[in-house]
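Here is how the chains run, residue by residue.
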Amino acid sequence: MADSNKNVKKNIFVRAWKAFTSFFKNIFLELKKVTWPTKQKVVANTISVIVFCVIIGLIIFLADLGLNSLLNFISGMR
């Protein structure tokens, strides 16, 4: 009789709750393994990203300005 009880599925809410809690337990276990950057590293990375974005923005601005001038020059030649 005890063997037949092993094959019976548990209530769907019980299974869902176990999956839910297991999911978040695993998240917290993985977060404990993360190596978090120091404040100095975050600041350095942030500054480098901002500088890179400004440089790329300037390159795009200069290319747009040059191509616009070229287009005006070509259209004025008619």
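Since we're looking at a predicted model, the values are computed, not measured. (Residues numbered from 1 in each chain as written. Predicted model: local features only at pLDDT ≥ 70, side-chain atom pairs only at ≥ 80, totals over all residues. Heavy atoms only, no water.)

J.: Report on the overall build of the protein chain, specifying residues and quantitative values.
T.: Looking only at helices and strands, the protein chain features 3 helices and 0 strands. The 78 residues of the protein chain split such that 0% are buried. Taken as a whole, the protein chain presents about 7,800 Å² of accessible surface, with 72% of it coming from carbon and sulfur. (Helix = DSSP H or I, 4+ residues; strand = E, 2+ residues; numbered from the N terminus. Buried < 20%, exposed > 50% of the residue type's maximum accessible area, 1.4 Å probe, protein only. Areas by Shrake-Rupley, 256 points an atom, 1.4 Å probe, with all protein chains shown as cover.)

J.: Account for the pattern of salt bridges, naming residues and giving values.
T.: Applying the stated criterion across every chain yields a total of 1 salt bridge. For K33, the salt bridge goes to E30, with nearest N and O atoms at 3.4 Å. You can see K33 and its partner E30 sitting in helix α2 (residues 12-33), 3 residues apart, about one turn around the helix. (Salt bridge = Lys/Arg side-chain N within 4 Å of Asp/Glu carboxyl O.)

J.: Break down the packing of aromatic side chains for me, citing the residues and quoting the values.
T.: Throughout the structure, instances matching the rule amount to 3 aromatic pairs. An angle of 65° between the planes, with centres 4.9 Å apart, marks the rings of F20 and F24 as edge-to-face. With a gap of 4 residues between them, F20 and F24 both fall in helix α2, about one helical turn apart. An aromatic cluster of at least three residues, connected via ring pairs, comprises W17, F20, F23 and F24. (Phe/Tyr/Trp six-rings, centres within 6.5 Å; stacked < 30°, edge-to-face > 60°.)

J.: So what's going on with a nonpolar patch on the surface? Residues and values would help.
T.: Judged by side-chain polarity, W17, F20, F23, F24, I27, F28, L31, V34 and W36 come together as a nonpolar surface patch covering roughly 970 Å² of accessible area. For L31, the location among the structural elements is in helix α2. Residue L31 is classed as partly exposed on the basis of its relative accessible area of 39%. (Patch = residues over 30% accessible without salt bridge, like charges linked within 9 Å, V, L, I, M, F, W, Y side chains within 5 Å.)

J.: Help me get a handle on the confidence of the model for the protein chain, residues and values and all.
T.: Taken over all residues, the pLDDT of the protein chain has a mean of 89, while the share at 70 or more is 88%. Considering each helix and strand of the protein chain separately, the mean pLDDT is smallest for helix α1 (residues 2-6), with a value of 57, and largest for helix α3 (residues 39-76), with 96. (pLDDT = per-residue confidence, 0-100.)

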